[in-house]
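Structural overview for review
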Amino acid sequence: MDELRFYWDVVYDLCAVIGIAIEGLMFCRFVKPFMKENRYVYRIWFPYFAVMAVLYLLPISVRYPYVAGMMIFFALMYLLDRRNAQQKLFLVFTIFLLQWIATIALVFRNFLFDTIIITTYMTQRVWFQFGVYIIAECLYYFLRILILYGLICIIHRIYIYKKENISVKELIWLLIPYGSIFVGKIVFSFFSNVYEQDLGKYVWRMHGEYHSLLYLYQLIALLVMLVVIAVYQSMKASQQKEKETIVLEEQIENIKRHIGEVEKLYQDIRSLKHDMGNHVMVLESLFMKNERQELERYLLRLKENLKETAAVIRSGNPVTDVILTEKQRLATEKGISFLCEFYYTDSVGIDVFDVSIILNNALENAVSASENCENPYIHILSYNRNHVFIIEIKNRFTGKLVWNEDSMLPETSKEDAKNHGYGIGSIRKVARKYHGDIEIAHENGEFRLSVLLMTENA
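Moving on: helix H14 (residues 424-433). Taken as a whole, H14 has its buried residues at Ile424, Ile427, Arg428, Val430 and Ala431. Seen from one end, H14 has its buried residues packed into an arc of 160 degrees, which puts them on one side. Of the exposed residues in H14, the ones pointing more than 90 degrees away from its buried face are Lys429 and Lys433.

Next comes the structure, spelled out in structure tokens:
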């Protein structure tokens, strides 16, 4: 019997160690979408598994192994990716609570023990009982891992803003309900341990309702966790919408300013046209009187008045005229060559407000990215192809692009061009409004952004 007891202990410990190993993989699977270098996230697994296995197999009992596990996993995550420390702390609390909730699979294990393994029939056939016990343990851990995997998938679906950091205040707000769950977990464990130490019996053997209360508490804890995460993501969505509203308001103000500038410009042109007849009469009079010096001074003043009007880009629409002229002036001031082959009219079927969002954001990025490059330039053009209106912006860019794995939009590692890419999300949003998209390329020191807009009129 002692030999058989030894085998039971070996199977119990072996299943527990294998469970630790698989749970470690599940933990890595859980945090992977939140990590910057998620290709290397499974490097966390082996050191975590090694430490936890040693803690489990130590001859002396570790009182709170799950606390040690949380600290170890957090440290390994932080060593791999030093961003978003508060979020990593929240994730660690979440995954270890999910691990505990997954032990609800004990319902199945206890059922097998009570109805099959420890029956009189089985106790009279010890080796057969041992075989059934092995199967029961394997099924228990399989079900436990399956539940944990399902919970991870649910959290991934609810937790939308995975790359957003959590502020200290937000972390405190999130951990308050988590702390209540942890306290309840400790109370249940403490009561069970004290009962066993004082009476030498398992509390659930004497009081069957203990497990019922524990499982009910675990389900309530899971519901609380899901609600907390869902509410937090709702808050993030509201913040995101607020930011988008601010950006939209800024774009509306830009449009209003551009329209005002267009009206002023066209008013100046109409005024100049009205006065042109008078200018011609004055020039003829000076010419006839052979007033050469006065004629030259008058012509010089007239050229200066016409200079600003002549510099305006003619793109087919007064709003885009002003935007392009303004960006051309800004580029020229920064020593950037600006070539414009953009043409747009309302007949294309695309709202000029949406076009202005594309031009403002794209050209602002282009100026910011190319101003510190050697031989800087910006080239913007538009053309129609197979019912698609295409806007293409090329600019000099010698930095390095890093692609965001969530949005699939570029980020840059070049410090002096850190704002490059800002607003591309707004451009893509406009493109998708017209059932199109954006294409981005970076090669030979040139950044190219193509915006494709579907239109039946193109």
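From this point, the discussion proceeds with the structure in view.
Here we take up unusual backbone geometry. At His435, a position not held by glycine, the phi torsion is positive, near 60 degrees. Of note, the phi angle at Asn444 is positive, near 55 degrees, even though the residue is not glycine. Residue placement: Asn444 occurs in the loop between strand S6 (437-443) and strand S7 (446-454). Asn444 gets classed as exposed once you look at its relative accessible area, which sits at 76%.

Successive residues of a regular strand alternate their side chains across the two faces of the sheet. In this structure, strand S1 (residues 337-341) lies alongside strand S2 (residues 377-384), joined through five bridges in parallel fashion. Within S2, the residue paired with Glu341 across the bridge is Leu381.

All right, on to the nonpolar core then. Judged by nonpolar contacts, the single largest core of 59 residues is most densely connected at Phe73 and Leu98. Beyond its immediate stretch of four places on either side in the chain, Phe73 contacts Phe27, Cys28, Val31, Ile44, Tyr48, Val92 and Phe96.

A separate point is the sheet that holds strand S3 (residues 388-396). Pairing between the strands of a sheet comes from backbone hydrogen bonds, and it takes one of two forms, parallel or antiparallel. Taken together, five strands build an open sheet; the order of strands is S1-S2-S3-S7-S6 and the sheet is mixed. Each edge of the open sheet is held by one strand with a lone partner, namely S1 and S6. Adjacent strand axes in the sheet meet at a mean angle of 10 degrees when their direction is disregarded. Along the sheet face, helix H12 (residues 318-333) touches S1 and S2 and points at about 160 degrees away from the line of S1. Along the sheet face, helix H13 (residues 352-370) touches S1, S2, S3 and S7 and points at about 20 degrees away from the line of S3.

Another point: the packing of H13 against H14. Contact pair H13 / H14: the axes reach a minimum separation of 9 Å and the direction vectors enclose 150 degrees. As judged from the angle between their axes, H13 and H14 are roughly antiparallel. Where H13 crosses over H14, the two elements pack in a sense that is left-handed. For the pair H13 and H14, the contacting residues are Asp354, Ile357, Ile358, Asn361, Ala362 and Asn365 in the first and Ile424, Ser426, Ile427, Val430 and Lys433 in the second. For the contact of H13 with H14, the residue count by class is six nonpolar, three polar and two charged.

With 19 residues, H13 extends 26 Å from end C-alpha to end C-alpha; this agrees with the ideal 27 Å at 1.5 Å per step. In terms of burial, H13 is a largely internal element, 16 of the 19 residues being buried.

This part takes up the pattern of salt bridges. The tally for this structure, following the rule as stated, stands at 11 salt bridges. In this structure, Arg83 engages Asp81 in a salt bridge whose closest nitrogen and oxygen atoms are separated by 3.1 Å. The salt bridge involving Glu170 is made with Lys236; its shortest N-O contact spans 3.7 Å. Pair noted here: Glu170 is in helix H8 (residues 168-199) and Lys236 is in helix H10 (residues 209-288), with a separation of 66 residues, a long-range link. Comparing Glu170 with Lys236, the two get one shared label, buried. Here the residues in one salt-bridge network are Asp81, Arg83 and Lys88, joined through shared partners.

This β-α-β element, S1 to H13 to S2, shows left-handed connectivity. Sheet analysis places S2 next to S3, joined by seven bridges and oriented antiparallel. Counted as the bridge partner of His379 is Lys394 from S3.

With that settled, consider the packing of aromatic side chains. Considering all chains together, one arrives at 29 aromatic pairs under this definition. Each member of the aromatic cluster is reached from another via a ring pair, and the members are Phe6, Tyr7, Trp8, Phe113, Trp127, Phe130 and Tyr133. The cationic tip of Arg109 hangs over the ring face of Tyr140; the distance from NZ or CZ to the ring centre is 5.7 Å.

The interhelical angle for the contact between H12 and H13, taken along N-to-C directions, is 5 degrees, at an axis separation of 10 Å. By the angle between their directions, the pair H12 and H13 is classed as roughly parallel. Residues Val319, Thr320, Ile323, Leu324, Lys327 and Leu330 of H12 form the contact with H13, whose participating residues are Val352, Val355, Ser356, Leu359, Asn360, Leu363, Glu364 and Val367. Looking at the contact of H12 with H13 residue by residue, the class counts come to nine nonpolar, three polar and two charged.

Attention now moves to a nonpolar patch on the surface. Taken together, Trp173, Leu223, Val227, Val231 and Met235 make up a surface patch of nonpolar side chains, about 430 Å² in accessible area. Per element, the largest residue contribution to the nonpolar patch is four residues, and it comes from H10.

Let us now look at the environment of Leu76. Tracing the chain through its elements places Leu76 in helix H3 (residues 65-80). The class for Leu76 is buried, based on a relative accessible area of 19%. Along the primary structure Leu76 and Arg43 are separated by 33 residues, whereas in three dimensions their C-alpha atoms are 8.9 Å apart.

Taken residue by residue, the chain gives an average pLDDT of 83. The fraction at 70 or more is 86%. Predicted confidence in the chain is weakest over strand S5 (residues 410-412), with a mean pLDDT of 60, and strongest over S3, with 94. Predicted confidence for residues 413-421 stays below pLDDT 50, and this span has 23 contacts to residues more than four positions away or in other chains.

Here is what the cut-offs are and how they apply
- Residues numbered from 1 in each chain as written.
- Predicted model: local features only at pLDDT ≥ 70, side-chain atom pairs only at ≥ 80, totals over all residues.
- Heavy atoms only, no water.
- Buried < 20%, exposed > 50% of the residue type's maximum accessible area, 1.4 Å probe, protein only.
- Helix = DSSP H or I, 4+ residues; strand = E, 2+ residues; numbered from the N terminus.
- Arc of directions from axis to C-beta.
- Pairing = 2+ DSSP bridges.
- Core = buried A, V, L, I, M, F, W, Y, C linked by side-chain atoms within 4.5 Å.
- Contact = heavy atoms within 4.5 Å.
- Axes fitted to C-alpha atoms, helices over the stretch in contact; angles between N-to-C directions.
- Parallel < 35°, antiparallel > 145°, perpendicular 65-115°, else oblique.
- Left-handed = near helix turned anticlockwise from the far one by under 90°.
- Nonpolar A, V, L, I, M, F, W, Y, C, P; charged D, E, K, R; others polar.
- Expected span 1.5 Å × (residues − 1).
- Salt bridge = Lys/Arg side-chain N within 4 Å of Asp/Glu carboxyl O.
- Right-handed = clockwise from strand over helix to strand, strands pointing away.
- Phe/Tyr/Trp six-rings, centres within 6.5 Å; stacked < 30°, edge-to-face > 60°.
- Lys NZ or Arg CZ within 6 Å of the ring centre and 35° of its normal.
- Patch = residues over 30% accessible without salt bridge, like charges linked within 9 Å, V, L, I, M, F, W, Y side chains within 5 Å.
- Areas by Shrake-Rupley, 256 points an atom, 1.4 Å probe, with all protein chains shown as cover.
- pLDDT = per-residue confidence, 0-100.

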